[in-house]
Each structure stands twice: as structure tokens, then as C-alpha cells.
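# Fold and geometry: a report
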Amino acid sequence: MKRLILAGGGHAHLHVLKSLARQPWPGVEVVLVSPWRRQIYSGMVPGWMAGHYRLEQCAAALAPLARAAGVRFVQDAVSGLDAWRRVVRTANSGDLAYDTLSLDIGAEVDCSCLAASGARLLSIRPLEHFVVGWERLIAAARARGTAAVAVVGGGAAGVELALAARYRLAGELGAAHVQVSLVAGGGLLPGHGQRIVDRASATLAEHAVDLLAGYAAGTPTGLLLDNGRTIAADCVIAATGVRPAAWLATSGLALADDGFLAVGSGQQSQSHDEVFAGGDVASRVDAPHAKSGVYAVRAGPVLAGNLQRQLQGLPPLAYQPQQRSLYLLATGPRQAIVSWGGLAAGGAWAWRWKDWIDRRFMSQYDSPPGHPQEERA
Ligand SMILES: Cc1cc2nc3c(=O)[nH]c(=O)nc-3n(C[C@H](O)[C@H](O)[C@H](O)COP(=O)(O)OP(=O)(O)OC[C@H]3O[C@@H](n4cnc5c(N)ncnc54)[C@H](O)[C@@H]3O)c2cc1C
């Protein structure tokens, strides 16, 4: 019996679990290692913050999915890896040996420059911590009657988070009692076309989100920008750049220049044939692309196919990631902005489109019959 370890319950591994549930792989023991019993879908988080979704609509329950797939679920975090000995280290469950390993553990948020904000700092990752922090923020804002939130990071997530925060807090407290800023040190929506940048700037202005240029450092009362301006904030939301888990550096696996796992055309490690990766943890050296959920989702079927091939002693099949991807940015109320190549559009219809896509994606991972929805928590 060979052992396949699925480390992390990210987007790509959700697909692998579904594939295994449809057709088990004979002679293979599959183990899923995840610190949480559910996978929160980031694409729906801004809609949840804004009050359009309940959290359970935005989460896939991992334990029932694993059970339906005949996969052993180990609730734990991978804390290290010895690629030469083929052993995964876990925080509490000891070492797990593998024949084949697949990593889909996502990325961490690098918020070291904001550390001085202390208890005011709320990182977007891990999402399990973020959702608790956001609910606390709402409760504290209701008690105080005012809220000042600063979001740091001008990428798609930062824009969506700032607009969702403004919409929800203004609904809770009244617009006059809410201050939301977005600090976009590296510019607004890098990598997107000028039309989308203009449209996003106009939307932020329309919703009274203060867009600030400059790099921010955390302070005990909020933020200090590199132009000397200070921003008082009850909460500093970090949507800054991503970085890999620190233990990847000592794993023995070949890493790309960005420190993430270097993989080739079949999502296979560049140094160890029995290791595969998909989603944000992987960097394609032959076809670099942005770290986004779109690519993580697309890697799912590739991993399912190539893991099975590896276990059968076959070489992986190549996969060419798409050049561009569609972004649908939620803007607070039930509206969204569409970014596709250089094109920009938006409105209520774009939200309905995004809502349809997101709900359809999540419906694939509804708890199987006989498994209560409570297991999502
Ligand atoms: C607010 C927000 C909105 C976004 N919206 C979009 C969008 O609309 N479109 C888009 O394309 N992208 C979007 N993104 C980016 C997107 O979230 C990521 O690119 C995507 O989540 C990457 O998927 P993944 O499977 O690699 O990792 P994740 O979704 O992060 O999943 C990783 C999983 O691994 C688990 N894990 C982590 N560490 C360990 C460990 N040590 N051991 C075991 N398991 C571990 C985690 O608990 C998690 O379940 C958004 C991001 C944010 C923050």
C-alpha cells in the first residue's frame, strides 16, 4: 500500500478529494493534513464581511469530504518537511512518511512592517483568524458607535476588503461615524489595466474610502506613512504581499526565486519527482503567473491526474496555465467590477455573475448526504 499525503485543504485539494470520492485509487492510502476542519473560500469573504452571506455558505467542510473520499483526515498543521527522507512533520501528530506528497497550503501574509500596531493588527491570513477578528471588530464598533479602519495593500484583496468594511460599518453605525482608508504603497491594483485602476479609484471615492499612496509602518495607534502622515485606526487590516511558510526553506525541496516551491509543467517539484504542489504555495518556473485563486482552482484537476499517474509510475502530463484571468471585485453593496485583460466594466449585473460563479463553485463541496452541515464549523 502506497501513501499519498495531501498537505492543506486548499482549492486544488478540494478537487482531488472530489475526484477520489468519485473513484478511489486502488492500493493507495490517502491522508489529508489540515489545521482547520473547513476551508473558507476567500472569494466570498468580502461578501460575508458586507453581510451578503452567512459564513457557512463560504466554507467547505473538509472532514465529510475526506470521509466520502475514503481519505484519513488528520487535523493538524504541517510544521516541517524532510524531502530526502520523505517525511512530513506535523505540529501535534508526529511525523508522517509518504510515497507521494501534494502541497496546497497557500501562502502567509507578510505583515512584519505592521507588527507595532499590536492588538489592532488583523491579518487576512489565516482566514480562520481573520473571520474571528472581523466579528470582534464589528462587536466593538457597535459598542463604541464609531469605527476607524485602515486596510494596507492595494491589490484586489485590499480593494475588496476596504469597500466591504466601509459598506458594512456604515450600515451598522451610519456613514458619518465610519472612517476607512486604503493604503496602496505599491500602487492600486498592480498588474491590472489602467481602466480598471481608474474604475476602482472612482468606486473607492464614491464609497468614501480614502485612498492613500505611500508605504505604511505600524504604530501603537494605527499607521505611519513614509510621507510622515499618521493614521489613527482601531483596526489595521493587513492585505500586504504574500510569503511562503518558513519551513519550506529547510525542506530540501527546490524553491523558486520568490521562495515558493519550484514546480514544472506538471505541477511537479523541480527537485523531487514524488512531490507536487498547486495554488499559492507553488511557483511555475516555466510559466510564471500571479498567485490567485483562479490558478489554484485550475491546478486541482492537474494534481488529481498527475498524482494518480505518479502513483502508477507514469510521468506527469503538462499543463499550460491561462495567460490572463477574469477578476470580479466585490465593491461593498451587491455590485462588482469586472477586470479582464485591459477591459473594465461593472455594476449590479457583475455582482450577480460573481455570486453565481462563487455559489456554483462552493455547491460542489456541499457536505455529502448524511453528513451534517455543522461539520463546517
Ligand atoms: C479577501 C481575499 C479575496 C480574494 N479574492 C480572490 C478572487 O476573487 N479571485 C482570485 O482569483 N483570488 C482571490 N484571492 C486570492 C486567493 O485567495 C488565493 O490566491 C487562493 O486562496 C490560493 O489558494 P490555495 O489553495 O493556494 O490556498 P488557500 O486557499 O490559502 O488554502 C490553503 C489551505 O491550506 C491550509 N494550510 C495552511 N498552512 C498549512 C499547514 N502548515 N499545514 C496544513 N495545512 C495548511 C489552510 O488552512 C488552507 O485550508 C483573494 C484573497 C483574499 C485574501
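A brief look at the structure comes next.

Definitions and limits used
- Residue numbering note: each chain is counted from 1, following its sequence as written.
- Local features are withheld for residues below a pLDDT of 70 in this predicted model, meaning they are given only at 70 or higher, and side-chain atom pairs are given and counted only at 80 or more; totals for whole chains, interfaces and linings count all residues.
- To get the side-chain values, all heavy atoms of the structure are used, and hydrogens and water are removed first.
- For helices the rule is a DSSP run of H or I covering at least 4 residues; for strands it is a run of E covering at least 2, with both sets numbered from the N terminus onward.
- Note that the radius of gyration is over C-alpha atoms, with the globule rule given as 2.2 Å times the number of residues to the power 0.38.
- Each residue is assigned to one of three classes by its accessible area relative to the maximum for its type, calculated with a 1.4 Å probe on protein chains only: buried under 20%, partly exposed between the two thresholds, exposed over 50%.
- By definition, residues are in contact when any of their heavy atoms lie within 4.5 Å.
- Note that His is not counted, nor are the chain ends; the positive residues are Lys and Arg, and the negative ones are Asp and Glu.
- To locate a charge, take atom NZ for lysine, CZ for arginine, CG for aspartate or CD for glutamate.
- Two strands make a pair as long as DSSP finds a minimum of two bridges between them.
- Inter-axis angles, ranging from 0 to 180 degrees, are taken between N-to-C directions of lines fitted to C-alpha atoms, where helices are fitted over the stretch in contact.
- Like-charged residues are merged into a patch within 9 Å and nonpolar side chains (Val, Leu, Ile, Met, Phe, Trp, Tyr) within 5 Å, provided each residue has over 30% relative accessible area and no salt bridge.
- Only the protein chains shown count as cover for residues, with accessible areas throughout obtained via the Shrake-Rupley method and a probe of 1.4 Å.
- A carboxyl oxygen of Asp or Glu within 4 Å of a side-chain nitrogen of Lys or Arg is what we treat as a salt bridge.
- Near, as used in this document, describes a residue that has one of its heavy atoms within 4 Å of the molecule or strand being considered.
- N or O atoms within 3.5 Å of each other form a polar contact, as long as, within protein, one can give a hydrogen and the other can take it, and as long as residues adjacent in sequence are counted only when both atoms are side-chain atoms.
- Under the scheme applied here, ten amino acids are nonpolar (Ala, Val, Leu, Ile, Met, Phe, Trp, Tyr, Cys and Pro), four are charged (Asp, Glu, Lys and Arg), and all others, including Gly, are polar.
- Aromatic rings from Phe, Tyr and Trp, taking only the six-membered ring of Trp, are treated as a pair when their centres fall within 6.5 Å; an angle between ring planes under 30 degrees marks them as stacked, one over 60 as edge-to-face, and anything in between as tilted.
- Here, over-ring charges are defined by two tests on the NZ atom of lysine or the CZ atom of arginine: distance to the ring centre within 6 Å, and angle to the ring normal within 35 degrees.

### Looking at the overall build of the chain
The helix and strand inventory of the chain stands at eight helices and 25 strands. The C-alpha radius of gyration of the chain comes to 21 Å, within 12% of the 21 Å expected for a compact globule of 377 residues. Taken along its principal axes, the extent of the C-alpha atoms in the chain is 65 × 45 × 40 Å. Each of the 377 residues in the chain was classed as buried or not, and the buried ones make up 55%. Taking as baseline every contact in the chain between residues at least 6 positions apart, the subset at least 24 positions apart corresponds to 66%. Each charge class in the chain can be summarised by its mean position, and for the 34 positive and 29 negative side chains these summaries are 5 Å apart.

### Here we look at the sheet that holds strand β25 (residues 343–347)
Strand order in the open sheet formed by three strands is β23-β24-β25, with antiparallel pairing between adjacent strands. Among the strands making up the open sheet, the edge pair consists of β23 (327–330) and β25. Each neighbouring strand pair of the sheet contributes to a mean axis angle of 20°, computed without reference to strand direction. Summarising the sheet, strand β24 (residues 336–340) and β25 pair through five bridges and their orientation is antiparallel. Residue pairing across strands places Ile 337 opposite Gly 346, the latter belonging to β25. Against the sheet, helix α6 (residues 194–206) touches β24 and β25, its axis set at about 30° to β25.

### As for a nonpolar patch on the surface
A grouping of Trp 349, Trp 353 and Trp 356 is seen on the molecular surface, where their side chains present a nonpolar patch of about 350 Å² in accessible area. Take Trp 356: it is sitting in helix α8 (residues 348–363).

### Considering the pairing of strand β9 (residues 100–103)
Residue alternation in β9 divides its side chains into two sets, Thr 100 and Ser 102 and Leu 101 and Leu 103, and both sets are buried. Where strand β1 (residues 2–7) meets β9, four bridges bridge the pair, whose relative direction is parallel. In the strand pairing of β9, Leu 6 is matched with Ser 102. Two elements, β9 and strand β21 (residues 275–277), share three bridges in a ladder whose sense is parallel. Residue Ser 102 lies in a different strand from β21, and its bridge partner there is Phe 276.

### Description of the site of the ligand
Around the ligand lies a shell of 27 residues, among which Gln 39, Ser 42, Asp 104, Arg 125 and Asp 280 are the nearest. In this structure, an oxygen atom belonging to the ligand sits 2.4 Å away from a side-chain N or O atom of Gln 39. Within the residue set of the shell around the ligand, elements represented by two or more residues are α5 (156–173) and α7 (293–311). Of the residues belonging to the shell around the ligand, the class tally is 11 nonpolar, 11 polar and five charged.

### Side note on the packing of aromatic side chains
A full pass over the atoms with the stated rule returns four aromatic pairs. On the numbers, 5.9 Å between centres and 25° between planes, the contact of Tyr 53 with Trp 351 is stacked. You can see Tyr 53 sitting in the loop between α2 (45–50) and β4 (59–61) and its partner Trp 351 sitting in helix α8, a full 298 residues away along the chain. In this structure Trp 351 comes out as buried when scored by relative accessible area, which is 6%. When the ring of Trp 349 is compared with that of Trp 353, the centres are 6.4 Å apart and the planes differ by 25°; the resulting orientation is stacked. Taken together, the positions of Trp 349 and Trp 353, both in helix α8 and four residues apart, correspond to about one turn of that helix. Trp 353 sits in the partly exposed class, given a relative accessible area of 33%. An aromatic cluster of three or more residues is present, and its members are Tyr 41, Phe 361 and Tyr 365. Lying across the ring of Phe 260, Lys 291 places its NZ or CZ 4.3 Å from the centre. The ring centre of Trp 340 lies 5.4 Å from the NZ or CZ of Arg 324, which sits over that ring.

### Side note on the sheet that holds strand β16 (residues 222–225)
Taken in spatial order, the three strands line up as β15-β16-β17 in an open sheet, and their pairing is antiparallel. On the outer flanks of this sheet lie β15 (216–219) and β17 (230–232), each paired with one strand and no other. Within this sheet the neighbouring strands show an average axis-to-axis angle of 25°, counted without direction.

These figures capture arrangement, not role.
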